[in-house]
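Residue strings, one per chain:
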Amino acid sequence: MGYYIRLIKPNEIPELCNLIYQIYGDTYVHKNMYDRKNMEILNKSKRLISFVAIGDKEEVIAHVGLKIHGPQGEMSAAFVKKEYRRQNILYDLSEQVVQYGKQLGLEAIYVMSITSHIYSQKVALKLGFKDCALLISCMEPMNFKGIIEKTVRESLKVTYIFYNKPDCLELYIPSSLLRVLNLIYTNLRINVIPMPESEESIWEKSNINIVYTDASICYIDIKRLGKDLLEELDKVINQYDNDYISSIYLYIRLEDSLVHKFYEEFTRRDFFFAGIMPGKKNNILILQKVKEIHPDSIKINSSIGNKIFRYILESKKHITLANENKKHRYPKVI
């Protein structure tokens, strides 16, 4: 079966929406992609740039999208029609997206691969993406017809590729994270100079953005650490404790000289390491707070990714390990 790749045409959007339902039923995480009108708006405004593979019958058989977030791009919404799988289509589509991001002059591109199966992870690894984070239990269970049906929350492995990487970065890194961050940055071929703990006074007012999602998640983007932050954070934790939300993710700038002062407060509230989102100017430390980990539901296709996961499991303190398979506690590299 042959195919060719190009940008989607407006009249193909209804067909694409139907394909999503064929593959995922009503469990797909990007709910807005079921809506034809919304997809038209997203593609017309370039908030989503859809690449599709077209089969012999001129039908849409696969999709990979590119979302632009400032100087970086996110490769997302990757799926292939069941009868066309295992033909390298996902790789060919993803390669086109990576090349397109470079043409746009982006700083870098990243992809979040689900960990219930390894197909998308293999593609990212083959394209040169480097592992940098593992977001535990950040999605509702998603059924992928013909591959897997989930009953526990889905986790995401974050991988990253620079088009033009910095050679060296000066970052404020808590001492307990030096080993794992050195592992990640070394794999990215970036030299990191850890900066000493700052003696600066703490800002009165923090700069934060709190976002709640339909998937019972709270993301707290901390652009500047300030005295009021912990009070705001405790309000969110109260909702977590009362089961209004399932997981909390903190995004902290490693360029902020006050990271050392706040990190201990975050760990005291049972936040633990998730990884980083690297960048030329903004390097983001991700901490997470989740209620349980299902290690046997997380499959990882790289040695670095597996080391990050081991670090997470060994460093966390107050979290339930819900093993479906009692034979092993840690995932194996596939």
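Our subject in this report is the structure included herewith. Since the structure is predicted, the reported quantities are computational estimates derived from the model, not experimental observations.

You can see Asn187 is positioned in helix H5 (residues 178–187). Note on Asn187: relative accessible area 17%, which makes it buried. If sequence neighbours within four positions are ignored, Asn187 has contacts with Lys130, Asp131 and Ile304.

What follows covers the nonpolar core. Counting residues in each nonpolar core, the largest one holds 70 residues, and the members touching the most others are Leu181, Tyr185, Ile248, Phe266 and Phe273. Not counting residues within four places of it along the chain, the set of residues in contact with Ile248 comprises Cys218, Ile220, Val236, Ile237, Tyr240, Phe271, Leu287, Gln288 and Lys289. With 24 residues, the next largest nonpolar core counts Tyr84, Tyr91, Leu127 and Phe129 among its residues.

Moving on: helix H7 (residues 259–268). Listing the buried residues of H7 in full gives Val259, His260, Phe262, Tyr263 and Phe266. Within H7, the buried residues cover an arc of 160° as seen down the axis, which keeps them to one side. Where H7 ends, the next residue or the one after it, Asp270, has phi of about 70°, a positive value.

A few words on the pairing of strand S11 (residues 217–224). Bridge analysis of strand S10 (residues 207–212) against S11 gives six bridges, and the strand direction is antiparallel. Looking at S11, one finds that Tyr212 is bridged to Cys218. In sequence, S10 turns back onto S11 through a hairpin of four residues, with Ser216 there showing a positive phi of about 65°. Note: S11 against strand S12 (residues 247–253), six bridges, orientation parallel. Bridging across to S12, Cys218 finds its partner in Ile248. Once you follow S11 into helix H6 (residues 229–241) and on to S12, the crossover reads as right-handed.

The next subject is empty space enclosed by the protein. On inspection of all chains with the given rule, the structure shows one cavity of 30 Å³ or more. Put simply, the largest cavity is a space of about 50 Å³. Around the largest cavity sit 10 residues that line it, and Arg153, Ser155, His294, Ser297 and Ile298 are the ones nearest its centre. Of the residues in the lining of the largest cavity, the class split is three nonpolar, four polar and three charged.

Before going further, it helps to examine the pattern of salt bridges. Counted under the stated rule, the structure contains 16 salt bridges. Put simply, Lys157 and Asp131 hold a salt bridge, and the shortest N to O gap is 3.2 Å. You can see Lys157 sitting in strand S7 (residues 154–162) and its partner Asp131 sitting in strand S6 (residues 130–139), a full 26 residues away along the chain. What you see here is one network of salt bridges that share partners, running through Asp234, Glu264, Glu265, Arg268 and Arg269.

Now for the pairing of S12. A large share of S12 lies buried, amounting to seven of its seven residues. Going residue by residue along S12, you find Ser247, Tyr249, Tyr251 and Arg253 tucked away on one face and Ile248, Leu250 and Ile252 tucked away on the opposite face as well. Bridge count for S12 against strand S14 (residues 284–290) is seven bridges, and the pairing is antiparallel. Bridge pairing links Tyr249 to Gln288 in S14.

The next thing to look at is the packing of helix H3 (residues 89–103) against helix H4 (residues 119–126). Viewed as axis vectors pointing N to C, H3 and H4 meet at an angle of 50°, and their least axial separation amounts to 10 Å. Looking at the two axes, H3 sits oblique to H4. H3 and H4 meet at a crossing whose hand is right-handed. In this structure, H3 contributes Leu90, Tyr91 and Ser94 to the contact, and H4 contributes Ser120, Val123 and Lys126.

The next thing to look at is the environment of Lys67. For Lys67, the position within the fold is in strand S3 (residues 60–69). Spatially, the C-alpha atom of Lys67 lies 9.6 Å from that of Leu42, the residues being 25 residues apart in sequence. Those residues within four positions of Lys67 in sequence are excluded, and the remaining contacts are His30, Arg47, Leu48, Gln72, Gly73, Glu74 and Ser76.

Rules used in this analysis
Residues numbered from 1 in each chain as written. Predicted model: local features only at pLDDT ≥ 70, side-chain atom pairs only at ≥ 80, totals over all residues. Heavy atoms only, no water. Helix = DSSP H or I, 4+ residues; strand = E, 2+ residues; numbered from the N terminus. Buried < 20%, exposed > 50% of the residue type's maximum accessible area, 1.4 Å probe, protein only. Contact = heavy atoms within 4.5 Å. Core = buried A, V, L, I, M, F, W, Y, C linked by side-chain atoms within 4.5 Å. Arc of directions from axis to C-beta. Pairing = 2+ DSSP bridges. Right-handed = clockwise from strand over helix to strand, strands pointing away. 1 Å grid on protein atoms, 1.4 Å probe; cavity = no way out; pocket = protein on both sides within 12 Å on 5 of 7 lines; lining within 4 Å. Points joined across faces, edges and corners; volume = space filled by probe spheres on them. Nonpolar A, V, L, I, M, F, W, Y, C, P; charged D, E, K, R; others polar. Salt bridge = Lys/Arg side-chain N within 4 Å of Asp/Glu carboxyl O. Axes fitted to C-alpha atoms, helices over the stretch in contact; angles between N-to-C directions. Parallel < 35°, antiparallel > 145°, perpendicular 65-115°, else oblique. Left-handed = near helix turned anticlockwise from the far one by under 90°.

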